[in-house]
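Each chain is listed here by its residues.
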Amino acid sequence: MNPETYLADVDVSADRAIDFLDARDLPPPEPLQETMNRLSDLDESSVFVQLNDRVPQFLFPKLDDQGIAYQTVETDEGVVTAIWRPASE
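These remarks concern the structure in this document. (Residues numbered from 1 in each chain as written. Predicted model: local features only at pLDDT ≥ 70, side-chain atom pairs only at ≥ 80, totals over all residues. Heavy atoms only, no water.)

### What about helix α2 (residues 59–66)?
- Among all positions in α2, only Leu-59, Phe-60 and Leu-63 are buried. Taken end-on, α2 shows its buried residues confined to a sector of 95°, consistent with a single buried face.
- Those residues of α2 that are buried are in contact with α1 (30–39), β3 (69–74) and β4 (79–84).
- Looking one or two residues beyond α2, the residue adopting positive phi is Gly-67, at roughly 70°. (Buried < 20%, exposed > 50% of the residue type's maximum accessible area, 1.4 Å probe, protein only. Helix = DSSP H or I, 4+ residues; strand = E, 2+ residues; numbered from the N terminus. Arc of directions from axis to C-beta. Contact = heavy atoms within 4.5 Å.)

Below, the structure is given as structure tokens:
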């Protein structure tokens, strides 16, 4: 499985390093906890990609509160959420 293929439909630079989590088999709340743990180290040169079996609706308010950009798309393999820190201006 190549996480770069999941970014094809997401509006984020392909030049970023990718941190990938396949959360489809993790029971709640592990996907949310693991994602938040990994985001604490996310810098502007990286993108975090989460593959889940459902839309991570409880994640979105937390990302909004921190000013972190994200985009979610549904694919044949599951729900892909790309998460990144916008470049500083």
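Structure's up, so let's keep going.
### Some details on the layout of surface pockets
- Of the voids in this model, the largest pocket is the one considered here, and its volume is about 220 Å³.
- The wall of the largest pocket is formed by Pro-28, Pro-29, Pro-31, Leu-32, Gln-50, Asn-52, Arg-54, Val-55, Pro-56, Gln-57, Phe-58 and Leu-59.
- Per-class residue counts for the lining of the largest pocket are eight nonpolar, three polar and one charged. (1 Å grid on protein atoms, 1.4 Å probe; cavity = no way out; pocket = protein on both sides within 12 Å on 5 of 7 lines; lining within 4 Å. Points joined across faces, edges and corners; volume = space filled by probe spheres on them. Nonpolar A, V, L, I, M, F, W, Y, C, P; charged D, E, K, R; others polar.)

### A short note on the pairing of strand β1 (residues 17–22)
- In the sheet, β1 pairs with strand β2 (residues 46–52) via six bridges, with the strands oriented parallel. Directly across from Asp-22, in β2, lies its bridge partner Leu-51.
- Considered for its hand, the β-α-β crossover made up of β1, α1 and β2 is right-handed. (Pairing = 2+ DSSP bridges. Right-handed = clockwise from strand over helix to strand, strands pointing away.)

### Overview of the pattern of salt bridges
- What the rule picks out here adds up to four salt bridges.
- With its nearest N and O atoms 3.0 Å apart, the salt bridge here joins Asp-19 to Arg-38. Linking Asp-19 in strand β1 with Arg-38 in helix α1, this pair joins segments that are 19 residues apart in sequence.
- Asp-19 gets classed as partly exposed once you look at its relative accessible area, which sits at 29%.
- A relative accessible area of 24% places Arg-38 in the partly exposed class. (Salt bridge = Lys/Arg side-chain N within 4 Å of Asp/Glu carboxyl O.)

### Things to note about the side chain of Arg-16
- Topologically, Arg-16 is positioned in the segment before β1.
- Asp-43 provides the closest opposite charge to the buried, unpaired Arg-16, separated from it by 6.5 Å.
- Within polar-contact distance, the side chain of Arg-16 engages the backbone oxygen of Glu-44 at 2.9 Å.
- A polar contact of 3.3 Å, which involves the side chain of Arg-16, links it to the backbone oxygen of Arg-85.
- Those residues in contact with Arg-16, other than ones at most four positions away along the chain, are Asp-43, Glu-44, Ser-45, Ser-46, Val-47, Trp-84, Arg-85 and Ala-87. (Lys, Arg positive; Asp, Glu negative; His and termini not counted. Polar contact = N/O pair within 3.5 Å; in protein donor to acceptor, adjacent residues only side chain to side chain.)

On their own, these measurements won't tell you what the molecule is for.
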